[in-house]
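A closer look at the structure
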Amino acid sequence: MAKFKEADLREHIKSNHFFNAYLIYGEESYLKEYYIAQFKKKLIDPAFESFNLHQFDGKDTSLDDILKDAQMLPMMSEYNLVLVRDYPVEKSKADIKLLDEFLCDVPESTVFILVYDAAEPDLKSAGFKKVISAFDSAGAVVNLEKRTESDVAKLLVSGAKKRGAVLDINNAKYLISVSGNDMKNLLNELDKLSYFAKGGEITKDIIDNMATKSLQARVYDISKAVVAGDTDKAYSVLDTLFGMKEDPILILAVIGGVYVDMYRVKCAKTAGFSYDDVAKHYNYRGREFALRNASRDCAELSENQLRSSLDEIMNTDLKLKSTAADKRLLLEELIVKLILIAKEVHYA
């Protein structure tokens, strides 16, 4: 029937008009859990939950057993809700056929939801395309993508108001850049910051002092220090990351991502485009702040410097994964090399 967007799903549930089948997948785990909770709230009477709510982990149950419960009539209720998580239906031709036959004739009293969260399906596989087609004909297919930074910021502003605090839109975006764009984590941070603000404004200083920094934000601090030639600051942040027992390979991966961001923005500027144009061609949805940071940090770096930096990052990655050398020492050496490149100092 329809490939829904999030706004369509929200209005759909609000209107109490339900299809008999939903396929839900996408990047945003928080939204999946939120809408599943809304389905339960609207469809299931808690007094009869044990009869009318059937939940399955796709790793532990056969599709045949799941569909037997999907054929059951509800008890003292209008609907029988069947919720299936992470079932790898696209990997079996027999399961695809069985599911297709079921979706062609879903009982009117059944709402069947297949949601992918812990495991993401192969969107390009022929099998999953058949699954999408089957749900598309029987009900709705919903891809819950990351919300844009602006949308998440508006949610935080509204959420702060509900918690008795004040958060302006710019500080909301700053909080996203500090704590990352995971909505569940951001709302937890908002709870903490709102309590600390005691009914007042959540300022940038409060965010700096109280919000938990994401790994990406801490690595941005390394990149800023490197570009500024501040070795002590860069080493201090690296020391903090090792103190938090962060994986050196993951640290390097984020450093590489920061330099890729800068290189993309620099190339775009050279060609007469802005970082907004970069966002349109790459997947920066929900993390547009990464390109703003990149635009700031690459201002004094040339394309050649960025390419040389990326070469050193790749060389360090190879050493981290293929040698027994001290991982911290390798990252410290990389920081020195990146600083020298930023200063246009040649080394042997």
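Residues numbered from 1 in each chain as written. Predicted model: local features only at pLDDT ≥ 70, side-chain atom pairs only at ≥ 80, totals over all residues. Heavy atoms only, no water.

Not every positive phi belongs to a glycine, and D86 is a case in point at roughly 60°. As for its placement among the helices and strands, D86 is situated in the loop between β4 (80-85) and α5 (93-103). Notably, K245 is not glycine yet its phi reads approximately 60°, a positive angle. Relative to the elements of secondary structure, K245 occurs in the loop between α12 (231-243) and α13 (248-270). (Helix = DSSP H or I, 4+ residues; strand = E, 2+ residues; numbered from the N terminus.)

To continue, consider the nonpolar core. Core analysis: the biggest nonpolar cluster contains 82 residues, and Y22, F39, L156, I202 and Y259 have the highest contact counts within it. Sorting elements by how many residues they give to this core places α13 first, with 9 residues. Excluding residues within four positions of it along the chain, Y259 makes contact with V226, L306, S309, L310, I313 and L338. (Core = buried A, V, L, I, M, F, W, Y, C linked by side-chain atoms within 4.5 Å. Buried < 20%, exposed > 50% of the residue type's maximum accessible area, 1.4 Å probe, protein only. Contact = heavy atoms within 4.5 Å.)

What follows concerns the side chain of H12. Structurally, H12 is set in helix α1 (residues 6-14). Apart from residues no more than four positions distant in its own chain, H12 is found in contact with F4, H17, F18, F19 and Y22.

With that settled, consider the packing of aromatic side chains. Counting across every chain of the model gives 11 aromatic pairs. Centre to centre, the rings of F18 and Y79 are 5.8 Å apart; their planes meet at 80°, and the pair counts as edge-to-face. A residue pair is termed long-range when its members are at least 10 positions apart, and F18 in the loop between α1 and β2 (21-25) and Y79 in the loop between α4 (63-70) and β4 qualify at 61 residues. Arranged with centres 6.3 Å apart and planes meeting at 25°, the rings of F112 and F135 form a pair that is stacked. (Phe/Tyr/Trp six-rings, centres within 6.5 Å; stacked < 30°, edge-to-face > 60°.)

Take helix α6 (residues 126-138) next. Here α6 contains 13 residues, and its C-alpha end-to-end distance of 19 Å stays within 8% of the 18 Å for a straight helix at 1.5 Å per residue. Along α6, the residues that are buried comprise G127, F128, V131, I132, A134, F135 and A138. The arc that holds the buried residues of α6, viewed along the axis, is 160°, so those residues lie on one side. Exposed and facing more than 90 degrees away from the buried side of α6 are A126, K129, K130 and S137. (Expected span 1.5 Å × (residues − 1). Arc of directions from axis to C-beta.)

In contact at an axis separation of 11 Å, helix α8 (residues 169-179) and helix α9 (residues 183-197) are set at 120° when each is read in the N-to-C sense. Between α8 and α9 lies a crossing of right-handed hand. Taken together, the residues of α9 that come into contact with α8 (itself represented by L175, I176 and S179) are N185, L186, E189 and L193. Here the residues of the contact of α8 with α9 sort into 4 nonpolar, 2 polar and 1 charged. (Axes fitted to C-alpha atoms, helices over the stretch in contact; angles between N-to-C directions. Left-handed = near helix turned anticlockwise from the far one by under 90°. Nonpolar A, V, L, I, M, F, W, Y, C, P; charged D, E, K, R; others polar.)

Now for α8. By the burial criterion, the buried members of α8 are N171, A172, L175, I176, S177, V178 and S179. As for α8, its buried residues are in contact with α7 (149-162), α9, α10 (204-210), α11 (215-228) and α15 (289-297). N-cap assignment for α8: the residue whose side-chain oxygen lies 3.0 Å from the backbone N of N170 is D168. Just downstream of α8 lies G180, where phi reads positive at about 90°. (Polar contact = N/O pair within 3.5 Å; in protein donor to acceptor, adjacent residues only side chain to side chain.)

For the rest of this paragraph, the subject is the confidence of the model for the protein chain. Of the residues in the protein chain, 98% reach a pLDDT of 70 or more, and the chain-wide mean stands at 91. Predicted confidence in the protein chain is weakest over strand β1 (residues 2-4), with a mean pLDDT of 65, and strongest over strand β5 (residues 110-115), with 97. (pLDDT = per-residue confidence, 0-100.)

Right, let's get into the pairing of strand β3 (residues 53-57). Of the pairings in the sheet, the one linking β3 to β4 comprises 5 bridges and is parallel in character. The residue bridging F56 from the neighbouring strand is V84, located in β4. Each parallel crossover has a hand, and the one from β3 via α4 to β4 is right-handed. (Pairing = 2+ DSSP bridges. Right-handed = clockwise from strand over helix to strand, strands pointing away.)

Quick look at the environment of M262 now. Following the sequence through the fold, M262 ends up in helix α13. Separated by 41 residues in sequence, M262 and E303 place their C-alpha atoms 9.2 Å apart. Aside from chain neighbours lying at most four places away, what touches M262 is A294, D297, C298, L301 and L306.

Among the secondary structure elements, N52 is positioned in helix α3 (residues 49-52). A relative accessible area of 1% means that N52 is categorised as buried. Not counting chain neighbours up to four residues away, the residues in contact with N52 comprise I44, P74, M75, S77, Y79, N80 and L81.

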